[in-house]
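Reading the structure
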Amino acid sequence: MNPLPYGSGTGTDPAGMVAAGATKMKRKPLLLIGGLGVVLVGGIVTVKLLAPPPPPNIIVIMADDHAQAAISAYGSGLIQTPNIDRLADEGILFSSSFVTNSICAPSRAVLLTGQYSHRNGLRDNLDGFDGTQMTFPKLLQNAGYETAVVGKWHLKTEPVGFDHSRVLVGQGSYYGPTFLVDGVEVEHPGYVTDLITDFALEFLETRHEDKPFFLLYNHSAPHRNWMPSPQHLDLYAGEELPLPPTFDDDYEGRPAAREADMRIDDMYLSFDLKLDAEDYEHETGTGGKAGYDSISAWVALYERMTEEEKAAWQAHYGPLNHAFAEDPPEGSELSRWKYQRYIKDYLRCVAAIDDNLGRFLDRLDELGLSDNTIVIYTSDQGFFLGEHGWYDKRFMYEESMRTPLIIRYPRGIAAGQVADALVVNLDTAPTILDFAGVPVPTEMQGRSLRALTLGRTPTDWRQGVYYHYYEYPQGWHSVRPHYGIRTDRYKLIHFYGELDVWELYDLERDPHELTNVYGDPDSADIAEELLGQLKDLQHEFGDTVR
Ligand SMILES: [Ca+2]
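As a starting point, this report considers the structure included with it. The shown structure was predicted, so the numbers you read here are calculated from the model rather than taken from an experiment.

So, how was this worked out
Residues numbered from 1 in each chain as written. Predicted model: local features only at pLDDT ≥ 70, side-chain atom pairs only at ≥ 80, totals over all residues. Heavy atoms only, no water. Pairing = 2+ DSSP bridges. Helix = DSSP H or I, 4+ residues; strand = E, 2+ residues; numbered from the N terminus. Axes fitted to C-alpha atoms, helices over the stretch in contact; angles between N-to-C directions. Contact = heavy atoms within 4.5 Å. Donors = N, O, S within 2.8 Å, 3.2 Å for Na, K, Ca; no water. Tetrahedral: all angles 85-135°; square planar, octahedral: opposite > 155°, others 65-115°. Buried < 20%, exposed > 50% of the residue type's maximum accessible area, 1.4 Å probe, protein only. Salt bridge = Lys/Arg side-chain N within 4 Å of Asp/Glu carboxyl O. Core = buried A, V, L, I, M, F, W, Y, C linked by side-chain atoms within 4.5 Å. Phe/Tyr/Trp six-rings, centres within 6.5 Å; stacked < 30°, edge-to-face > 60°. Lys NZ or Arg CZ within 6 Å of the ring centre and 35° of its normal. Parallel < 35°, antiparallel > 145°, perpendicular 65-115°, else oblique. Nonpolar A, V, L, I, M, F, W, Y, C, P; charged D, E, K, R; others polar.

An order of 10-9-8-7-11-4-12-13-5-14 is seen for the ten strands of this open sheet, with the pairing classed as mixed. Two strands bound the open sheet, and with one partner strand each, they are strand 10 (184-187) and strand 14 (417-419). Ignoring which end each strand starts from, the neighbouring axes of this sheet average 15° apart. Contacting strand 7 (146-151), strand 8 (164-168), strand 9 (178-181) and strand 11 (213-218), helix 6 (residues 192-206) runs over the sheet at an angle of about 175° to strand 11.

The next thing to look at is the coordination of the calcium ion. The coordination sphere of the calcium ion, as far as protein atoms go, consists of D64 (OD), D65 (OD), C104 (SG), D380 (OD), D380 (OD) and Q381 (OE1), spread over 2.1 to 2.8 Å. Each of the six donor atoms bound to the calcium ion contributes to angles spanning 51 to 158°, and the resulting shape is irregular. Between consecutive donors of the calcium ion, the numbers of intervening residues give the motif D-D-x38-C-x275-D-Q. Placement of the pair is D65 in the loop between strand 4 (57-63) and helix 2 (82-89) and D380 in the loop between strand 12 (373-379) and helix 11 (398-401), with a sequence separation of 315 residues. By relative accessible area, D380 is classed as buried at 0%.

Tallying each qualifying case throughout the model produces 35 salt bridges. A salt bridge links R509 to D506; the shortest N-O distance between them is 3.7 Å. Using a relative accessible area of 72% as the deciding quantity, one classes R509 as exposed. The exposure class assigned to D506 is buried, which follows from its relative accessible area of 10%. By sharing partners, the salt bridges in this structure join D65, D392, K393, R394 and E471 into a single network.

Adjacent strands of a sheet pair through backbone hydrogen bonds, lying either parallel or antiparallel. With antiparallel pairing, the four strands of this open sheet are ordered in space as 16-17-18-19. This sheet does not close on itself; its edge strands, each paired only once, are strand 16 (464-469) and strand 19 (501-506). Strand-to-strand twist across the sheet, computed as the mean angle between neighbouring axes with direction ignored, equals 10°. Both strand 18 (residues 490-495) and strand 19 contribute to a ladder of six bridges, which runs antiparallel. Within strand 19, the residue paired with I493 across the bridge is E503. Contacts from helix 14 (residues 524-541) reach strand 16, strand 17 (482-487), strand 18 and strand 19, with the element oriented near 110° to strand 17.

Another aspect to go through is the nonpolar core. Of all hydrophobic cores here, the largest spans 120 residues; its most connected members are F136, L215, Y342, Y346 and F360. The element that contributes the greatest number of residues to this core is helix 10 (residues 331-366), accounting for 15 residues. Once residues lying within four places of it in the same chain are set aside, the contact partners of Y342 are W226, I264, M267, L273, F383, F384, L385, G386 and Y391. Core analysis: the next-biggest nonpolar cluster, separate from the first, contains 43 residues, L426, V479, L534 and F541 among them.

Evaluated as defined, the whole model comprises 38 aromatic pairs. Ring centres 6.1 Å apart and planes at 85° place the aromatic pair Y175 and W313 in the edge-to-face group. Placement of the pair is Y175 in the loop between strand 8 and strand 9 and W313 in helix 9 (residues 307-326), with a sequence separation of 138 residues. Owing to a relative accessible area of 2%, Y175 belongs among the buried residues under this scheme. An aromatic cluster is built from Y174, Y175, Y191, W298, Y302, W313 and Y317, whose rings are joined through pairwise contacts. The aromatic ring of Y470 is capped on one face by R123, whose charged end is 5.5 Å from the ring centroid. Positioned above the aromatic ring of F199 is the side chain of R166, whose terminal nitrogen or guanidinium carbon lies 3.7 Å from the ring centre.

Another point: the pairing of strand 8. Burial of strand 8 is extensive: four of the five residues sit out of reach of the surface. Note that strand 7 and strand 8 share four bridges and pair parallel. Directly across from V149, in strand 8, lies its bridge partner S165. Here strand 8 runs beside strand 9; their pairing, made up of three bridges, is antiparallel. Bridging from a neighbouring strand, R166 pairs with V181 of strand 9.

Put simply, A221 and P222 share a cis peptide bond, and its omega is -5°. On the secondary structure map, P222 appears in the loop between strand 11 and helix 7 (255-259). In this chain, R224 is followed by N225 through a cis amide linkage whose omega measures 15°. Looking at the secondary structure, you find N225 in the loop between strand 11 and helix 7.

Take the packing of helix 9 against helix 10 next. A pair of packed helices is characterised by two quantities: the angle between their axes and the separation of those axes. The geometry of helix 9 relative to helix 10 is characterised by a closest axis approach of 13 Å and an angle of 170° between their N-to-C directions. Taken as axis vectors, helix 9 and helix 10 run roughly antiparallel relative to one another. For the pair formed by helix 9 and helix 10, the contact residues are H316, Y317, L320, N321 and F324 on the first element and L334, W337, R341, D345 and R348 on the second. Taken together, the residues of the contact of helix 9 with helix 10 sort by class into five nonpolar, two polar and three charged.

Any functional reading would require information that these geometric values do not contain.
Laid out in structure tokens, this is it:
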């Protein structure tokens, strides 16, 4: 537990350079050499030790299942997210940002450790996190940061490396959620996205002002089952949102996609789509897990609402559900009805995140913290918003492998930048440590994004992203295990095990990944080249070649 000095190893820290400049104006030094200022006072030259630049505060805001396609800064045609866009306008947006294993808990473990799933030990949602291992919050804590986590945690073991924790129990619930507050379960009335933001702000107000802080502010929205807040129930009311062009995908040439159980068509009418028991005769799909008691799960979540919340809920859904019961849609019409309800509820949950982000950023301004605080907005992974007829994630296909990543740091990162280099969620931990001036452990497998934030792409930057998904056959949605590589133009995937199928996509010609060209003679050269790169990455990262 040897605290490292703040700012150590940050000789080229733009924060330091700007901070020194500000100090220079205030104290009128004639010369600045490192931390020494030579000051002319009454004709006598004196040498003063200038205060080192303060280390940046760091806030990571991580949503759960927030697709790039539901952020207007990423070009969404579905929703306006003015506050997330504000972060992008005032900082840097990474347009080619990916995860290494597109599923909740594993992705969180990658973020904390900067290591692939096979290294940090959390391969799927059934595993628990080994809290004894190295994580970047622990390193920040050791370096003198005050550390806190609020909101979603989902790693089964209790948070380690945080001075304060107020995390949801399990997946949490949208209404009346139960939080684990420093080890004690406390139920809070209200809406989860508002509450998590309240707790994040409470930390800012009560922290020790003589220390830099790190706050992990994790939303549970817009995770399934997409229950909007009372304020957003009428957003999109009466509108018909556009279907993605691949909604009716037939999965030709992609057997793993065909057998996955994550089609909107198979969603539960109760738990997912909020129909009341009297509005339909029987559930219409497996919902990703045969035998799941979706109706009991839905009733339990609904009953967490207050009477006032239930009244608002019924005022919105009641007439719509009644119309469904009066004239039940069938076949393709039912699929489209399900899509409309799903996408609207999902986007309403995103709207609550964006509103709360605005409230949070305004308070950061009022507290005078914005300038020296790094704010990172990201998600644990992307999500399918009807593309290929799906919801959920897991696949190495674009919609789920991509994740939003935006960084704002007024003191150290120029505003309005977009970087298109390939970046991965492995990079977050080393980036944060780099900005904090804390040495990055060699076992971390990502790279600091700091050079990219300065507008430079190192010549040896990665040419491909290595991916590996594991959760099968246990868990949900029947997505076969697979690994692969994504370069700036191509993607090679191997669904291994019994299925043993390779897929190859040219993302320039086929951005929706509908045509598997693996085995096509015209693609043989690129397939061989990608296979070589893939093997190199598996060797570099110490993953088992299958
Ligand atoms: Ca997730």
